[in-house]
Amino acid sequence: MKILGTGSAVPKQTVTNDMLSDFVDTNDVWITTRTGIKSRQIITTERFEELAALAGQRAIEAAGLVPEDIDFIICHNVCNVYVTPSLAALVQGILGIKGPNCPTMDLNSACAGFTYGLEICDSFIATGRAKHILFICAEEVTRMVDWTQRETCVLFGDGAGAMVLGAGDNYLASKLTSTPMPDVIYYRLPCEPTPFETGEGIDTHIAMQLKGREVFRMAVTSAQRDIRDVIEKAGLKLEDIDHFLLHQANQRIIDAIKQDFDLPPERFHSNIQKRGNTSSASIPMLLDEEIREGRIKRGDLMVFNGFGAGFVTSAAVMRY
Ligand code: ACO
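Taken in spatial order, the four strands of this open sheet run β8-β13-β12-β11, and their pairing is mixed. The outermost strands of the open sheet, each flanked by one partner alone, are β8 (171-178) and β11 (243-246). Across the sheet, the mean angle from the axis of one strand to that of its neighbour is 10°, orientation sign disregarded. Of the strand pairs in this sheet, β11 and strand β12 (residues 301-308) are connected by four bridges, and their pairing is parallel. Residue pairing for β12: L246 is matched across the bridge by N305. Packed onto the sheet, helix α5 (residues 113-126) meets β8, β12 and β13 (312-319) and runs at close to 125° relative to β8. Against the sheet, helix α10 (residues 282-292) contacts β11 and β12, and its axis sits at roughly 150° relative to β12.

Here it is as structure tokens:
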């Protein structure tokens, strides 16, 4: 599998830390020192599925293709207003890709979803069942949080990162893990009531909850382990890797992971300062930005690493 082109899209509204202090008891110093975040983009008037499709369209253009060349659309998304149809099906309609020869589906592996999705894409590309997959990670996490809870609402941003994947030998190794720990990060929505449902207290609405310190510790520990494991699996050495693109959850998490590796710090990329935590979209958005700004070039070796609700983790080694 090979990346043929990348794209990304963010909402037009930038919200600074100072703007957040109009809503909740917080301040720029707390947010900056605890998270590294200075601003984020937040959905206002945009339609979420159009934002996802825009990222996809940019990836198709970067690949030198047209929408009709796409023969599979896979989206990764934790939450949006449509439970069904899938985001991928909505994107297909917006991009004007006619059926029936372009199947669509969504995945959900929380903030680790980018590399989980790559693994699925690779299984279709490697077996020749798809030629050009449009893979989009799109999230509107700011609509999963309670905007009166300062512990969570300051952390997130919205956005979409996309790529077109085709045949090639650039996907070198991967590792996916999952450990059932539903209390650590969760968000619950009620389903429709029925005359038969008897469980008490199950169907309550609970905005995003997270045990920040526990997530922090697990993220650092799992990343240090998964990054080493996946590089070894690829038959490479740490110093062979040109770029580390980690889930952008917190700059302090990235710094703690970085400290464990004796490597030039600039190999660890970051855009959380201006984007916030965009869940599964964070790595492909960062990748697209770094490619477009010329910091990642064809032939460079990259490691992707994500972690999130589940508790799930993922890592991959890929050549651009
Ligand atoms: N503004 C001001 N003060 C705040 C805010 C805020 N936005 N939020 C919390 N505080 C206060 C708390 O009330 C607490 O006050 P107290 O000492 O009087 O009780 C104090 O700041 C310290 O709070 P902690 O939660 O202990 O702060 P911590 O240093 O652990 O930082 C954070 C919290 C940023 C969430 C950190 O734990 C973290 O990054 N965790 C992991 C990342 C994470 O959970 N990301 C969420 C998504 S999951 C994912 O992406 C994988």
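Let's shift gears to the pairing of strand β6 (residues 133-140). For β6, the tally of buried residues reaches eight of eight residues, placing the bulk of the element in the interior. Across the two faces of β6 the burial is the same, with I133, F135, C137 and E139 and L134, I136, A138 and E140 all buried. One ladder, built from five bridges, connects strand β4 (residues 72-76) with β6; its direction is parallel. Counterpart to F72 in the pairing with β6 is I133.

Mapping M19 onto the fold places it in helix α1 (residues 17-20). Along the sequence, M19 and S39 sit 20 residues apart, while their C-alpha atoms lie 9.2 Å from each other. Not counting chain neighbours up to four residues away, the residues in contact with M19 comprise Q13 and T14.

Conventions adopted
Residues numbered from 1 in each chain as written. Predicted model: local features only at pLDDT ≥ 70, side-chain atom pairs only at ≥ 80, totals over all residues. Heavy atoms only, no water. Pairing = 2+ DSSP bridges. Helix = DSSP H or I, 4+ residues; strand = E, 2+ residues; numbered from the N terminus. Axes fitted to C-alpha atoms, helices over the stretch in contact; angles between N-to-C directions. Contact = heavy atoms within 4.5 Å. Buried < 20%, exposed > 50% of the residue type's maximum accessible area, 1.4 Å probe, protein only.

It is worth stressing that arrangement in space is one thing and function is another; only the former is reported here.
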